[in-house]
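What follows is each chain in one-letter form.
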Amino acid sequence: MSGKVTTGSDIGQARRAVEQLRMEAGIDRVKVSKAAADLLQFCTEQAKSDPFLVGIPAATNPFKEKKPCAIL
Amino acid sequence: MATDGLHENETLASLKSEAESLKGKLEEERAKLHDVELHQVAERVEALGQFVMKTRRTLKGHGNKVLCMDWCKDKRRIVSSSQDGKVIVWDSFTTNKILTASGDGTCALWDVESGQLLQSFHGHGADVLCLDLAPSETGNTFVSGGCDKKAMVWDMRSGQCIQAFETHESDINSVRYYPSGDAFASGSDDATCRLYDLRADREVAIYSKESIIFGASSVDFSLSGRLLFAGYNDYTINVWDVLKGSRVSILFGHENRVSTLRVSPDGTAFCSGSWDHTLRVWA
C-alpha cells in the first residue's frame, strides 16, 4: 500500500501557506474607481514637473544638440 | 509517528484544500471591488500629444552584454555593469545596507560593514529576478518579481509578505514602483507589462498589443507616472500611457535585446542598455 508520508515539514509549510493566504484575503481594499481616481490625480498634479510631458527648451536640455548658429 | 503537531481533523490534504479555497476567496474579494477599469476612469484625462524621442548619445566601450545600469545622483553620469547572478539595490537613506534578490528564490537584507544577514524574505517559488524599493515616503516596503510569475510586496522589518499578485503568465523580469508608491508596474516574458494598485490590491491595467510577442525585460516610469517606458527582447522600447493603457511611441535603435532601462533622476531623459554592447540616452 503506497501513500505519501506526511512529514512534519509538509504540514508546517501547508499551514503557513494557509495562514499567509488568510492574512492576504483579509486586508483592507479600496474600489478600483477610487484607486484609479487617485492615480489620475497624482499624474495630473505632477504633469507640470514631468519633462517628458512638458518638454524643456532645447537650450537648457543637456541632451539636445546645441545649434551651431548664434544670433548676433 | 511524529508529525509536527497535527491538530484534530487536520491533514495535509485538508490544509491544501483550505489553501485552494482561500485563493478562491482572495480572487472573489478582489473582484468585488473591481467596479471599473482604469482606462475608463482615464477617459476624462486629456490625451497625450506626439512624442519625439531619439538617441542622443550612444556609449560604446563594453565588450559584452550590458545587464544592469543606473544613474548617479549628480544626474550626469551613468553607471553600467555586466554579468552577475543577482540584482542589487542600495537603500538610499542608510547606504550601509543592501537588498538582494537571488536565484535561490529568496531576497535578503544585509548590513554591508558586518556582512551580517539582517532579514530574509521567503515566499517565491522560484528564482527572484528583480526588486524595487518603495519611494521613501511610503515606508519600509519593497516589491519583488520572479520566475514563479508572482510579484510580492514585502515588509522590510518583519520579513513578511504583505501582498502577492499572480496574473502574469511567465517570468517577471522587472518591477518598478509608481512615483507615489501606491502602485507598481511589472514587465514579463509573457510580452505584457502590468500595473498593480496596492490599495485596490489588484492588477488595474495591462499594457500589451497583439503585435508585441517578445518579453519585456525592463520598465520605468516618467516622473509623473503618466508614461511607462519598457524595453523588450525584440530590440525595441515601447512607451505606454499608464492611465489610458495605450502605446504612445515605439523606439528603435538597439541592435539586440534591450536588457535594462532607467529614467534619469530629474526626469529629463532615460537610458537603455542592450546586448548590443551599447547604452543609449533618449530625450
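Bear in mind the structure is a predicted one, so any value in this text is a computation, not a measurement. (Residues numbered from 1 in each chain as written. Chains lettered and ligands numbered in written order. Predicted model: local features only at pLDDT ≥ 70, side-chain atom pairs only at ≥ 80, totals over all residues. Heavy atoms only, no water.)

A.B. asks: Can you walk me through the nonpolar core in this structure?
C.D. replies: Core analysis: the biggest nonpolar cluster contains 32 residues, and B:L38, B:Y178, B:C193, B:L195, B:Y207, B:L228 and B:L243 have the highest contact counts within it. Elements supplying a minimum of two residues to this core: α2 (32-47) of chain A together with α2 (38-41), β13 (183-188), β14 (193-197), β15 (202-207), β16 (216-221) and β17 (227-232) of chain B. With 7 residues, the top contributor of residues to this core is α2(A). When residues no more than four places from it in sequence are discounted, the contact partners of B:C193 are B:S186, B:G187, B:A205, B:I206, B:Y207, B:A216, B:V219, B:L228, B:A230 and B:Y232. (Core = buried A, V, L, I, M, F, W, Y, C linked by side-chain atoms within 4.5 Å. Buried < 20%, exposed > 50% of the residue type's maximum accessible area, 1.4 Å probe, protein only. Helix = DSSP H or I, 4+ residues; strand = E, 2+ residues; numbered from the N terminus. Contact = heavy atoms within 4.5 Å.)

A.B. asks: Can you walk me through the UniProt feature "repeat: WD" (unreviewed entry) in chain B in this structure?
C.D. replies: Under the local residue numbering, the UniProt record ascribes the feature "repeat: WD" (unreviewed entry) to residues 59-100, 98-120, 121-164, 165-206, 218-250 and 251-283 of chain B. This span, residues 165-206 of chain B, is 0% helix and 55% strand, and a straight line between its end C-alpha atoms measures 13 Å. (UniProt positions renumbered as here; feature names shortened; annotations may be inferred.)

A.B. asks: I'm lost on the interface of chain B and chain A in this one. Help?
C.D. replies: Between chain B and chain A, the contact holds 64 residues from the first and 43 residues from the second. Surface buried jointly by chain B and chain A totals about 4,600 Å² across both partners, of which 69% is contributed by carbon and sulfur atoms. Contact with chain A buries area across many residues of chain B, yet B:L12, B:L33 and B:R199 alone supply 14% of it, more than any other trio. Counting every contact that joins chain B to chain A gives 3 salt bridges. We note a salt bridge from A:D38 to B:R199, for which the minimum N-O separation is 2.5 Å. At the junction of chain B with chain A, the criterion picks out 12 residue pairs in polar contact (both at pLDDT 80 or more). Looking at the side of chain B that touches chain A, the element that brings in the most residues is helix α1 (residues 12-32) of chain B, giving 9 residues. For the side of chain B that touches chain A, a count of residues per class yields 35 nonpolar, 13 polar and 16 charged. (Buried area = accessible area lost by both parts, 1.4 Å probe. Salt bridge = Lys/Arg side-chain N within 4 Å of Asp/Glu carboxyl O. Polar contact = N/O pair within 3.5 Å; in protein donor to acceptor, adjacent residues only side chain to side chain. Nonpolar A, V, L, I, M, F, W, Y, C, P; charged D, E, K, R; others polar.)

A.B. asks: What should I look at first to understand the sheet that holds β16(B) in this one?
C.D. replies: Sheet strands pair via backbone hydrogen bonds, and the direction of the pair is either parallel or antiparallel. Residue and element names in this part refer to chain B. Pairing is antiparallel across the open sheet formed by 4 strands, whose spatial order is β16-β17-β18-β19. On the outer flanks of this sheet lie β16 and β19 (247-251), each paired with one strand and no other. Along the sheet, successive strands turn relative to each other by an average axial angle of 20°, direction set aside. (Pairing = 2+ DSSP bridges. Axes fitted to C-alpha atoms, helices over the stretch in contact; angles between N-to-C directions.)

A.B. asks: Sorry if this is basic, but what is going on with the packing of aromatic side chains here?
C.D. replies: Centre-to-centre distance and the angle between the planes together describe a pair of aromatic rings. The tally for this structure, following the rule as stated, stands at 13 aromatic pairs over all chains. Taking 5.5 Å as the distance between ring centres and 55° as the angle between the ring planes, the aromatic pair formed by A:F42 and B:Y178 counts as tilted. Of the two residues, A:F42 sits in helix α2 while B:Y178 sits in the loop between β12 (172-177) and β13, which places them in two different chains. Taken as a pair, A:F42 and B:Y178 share a single burial class, namely buried. A ring pair is formed by A:F52 and B:F270, whose centres lie 6.1 Å apart and whose planes are at 50°; its orientation type is tilted. Here the residue A:F52 occupies a position in helix α3 (residues 51-54), and B:F270 occupies one in strand β21 (residues 270-274), the pair thus bridging two chains. One exposure class covers both A:F52 and B:F270, and it is buried. One aromatic cluster in this structure is built from A:F52, B:F229, B:F270 and B:W282. (Phe/Tyr/Trp six-rings, centres within 6.5 Å; stacked < 30°, edge-to-face > 60°.)

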